[in-house]
Amino acid sequence: IGSKMLAVTNLGGLHGGCHVHTADTDGAGHEGHAGHVLNRIADPCPARSVGHLDLHGRPFHAWTRIVQTANAGDTRLFLAEEVNWPVGGLVVVAPTSQGQQPEERRVVALEDGGTTVVLDEPLAHEHLGVWHFHDAGAEPSDLRAAVGLRDRHILVQGDERSLRAGNAFQFGAHTGAFFGGVLRVSNVEYRRTGQAANLGR
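A. View of the overall build of the chain. Each helix and strand in the chain was counted, giving zero helices and 14 strands. The order of helices and strands in the chain, counted from the N terminus, is β-β-β-β-β-β-β-β-β-β-β-β-β-β. For the chain, buried positions account for 26% of its 201 residues. Restricting the contact set of the chain to residue pairs at least 6 apart, pairs at least 24 apart contribute 59%. Split by element, the accessible area of the chain, about 12,900 Å² in all, is 53% carbon and sulfur.

B. Quick look at the nonpolar core. Core analysis: the biggest nonpolar cluster contains 16 residues, and Ile66, Leu77, Leu79, Trp85, Val91, Val117 and Val147 have the highest contact counts within it. Listed by contribution, the elements that provide at least two residues to this core are β6 (90-93), β8 (116-119) and β11 (146-149). When near neighbours in sequence (up to four residues on either side) are disregarded, Val117 contacts Thr75, Arg76, Leu77, Leu79, Val83, Trp85, Val107, Ala109 and Leu110.

C. Spatial organisation of the pattern of salt bridges. Scanning all chains against the criterion turns up eight salt bridges. Residues Arg106 and Asp151 are paired through a salt bridge, measuring 3.2 Å at the closest nitrogen-oxygen approach. Of this pair, Arg106 sits in strand β7 (residues 103-111) while Asp151 is found in the loop between β11 and β12 (154-157), placing the two residues 45 residues apart along the sequence. Residue Asp151 is classed as buried on the basis of its relative accessible area, which comes to 16%. One salt bridge in this structure joins Arg191 and Glu189, with 2.5 Å as the shortest N-O distance. Judged by its relative accessible area of 30%, Arg191 is partly exposed. Taken together, the shared-partner salt bridges in this structure form one network comprising Arg65, Asp142 and Arg144.

D. Highlighting unusual backbone geometry. Despite not being glycine, Asp112 has its phi angle at roughly 55°, a positive value. As for its placement among the helices and strands, Asp112 is situated in the loop between β7 and β8. On the basis of relative accessible area, Asp112 is assigned to the exposed category, the value being 53%. Even without a glycine there, the phi angle at Arg192 is positive, about 50°. Note that Arg192 resides in the segment after β14 (188-191). Looking at Arg192, the relative accessible area reads 26%, which means it is partly exposed.

Thresholds applied
- Residues numbered from 1 in each chain as written.
- Predicted model: local features only at pLDDT ≥ 70, side-chain atom pairs only at ≥ 80, totals over all residues.
- Heavy atoms only, no water.
- Helix = DSSP H or I, 4+ residues; strand = E, 2+ residues; numbered from the N terminus.
- Buried < 20%, exposed > 50% of the residue type's maximum accessible area, 1.4 Å probe, protein only.
- Contact = heavy atoms within 4.5 Å.
- Areas by Shrake-Rupley, 256 points an atom, 1.4 Å probe, with all protein chains shown as cover.
- Core = buried A, V, L, I, M, F, W, Y, C linked by side-chain atoms within 4.5 Å.
- Salt bridge = Lys/Arg side-chain N within 4 Å of Asp/Glu carboxyl O.

Without other data, these values stay purely geometric and don't point to any function.
Okay, structure coming up:
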């Protein structure tokens, strides 16, 4: 769905009311007058009086940790929990060494009841799957790499302009519920969101 604005309210609009404006125009979009062929248009209304929006994608196990160190060149991840990730799904393996970047791979298959993930390409770096045990009395540190499913069946994202580097007016997708509107979201992926230089947007 492509949309310039999608607002959820219980008052019919962002300013307490939603009014449809109609006008007669000629083919060039000018207000109609004698001698011109007229077309009937209506300005779009951002939201009607219905103030509920539900976005619910298919539930997936969001993330877990590996239980065995994955070495560079490995194509399998052994997980602490069963997952139901789809074949072709994009997974992210978190780094466990300083200076290392996360790695993204596609799921080729699930094995061992969903506790083993087969990746489409070998890993480029080592990802730890161990605990570090300190001296007596100290709690052990969990060094196991996290791995999670990145994509979802429902995607909310900004347009291509929100990707332009160096643009002081970078403005990505926003979702919100106003004036008592109800917005319920689960298992939805967001990309290109927020507003540059505006914390919390």
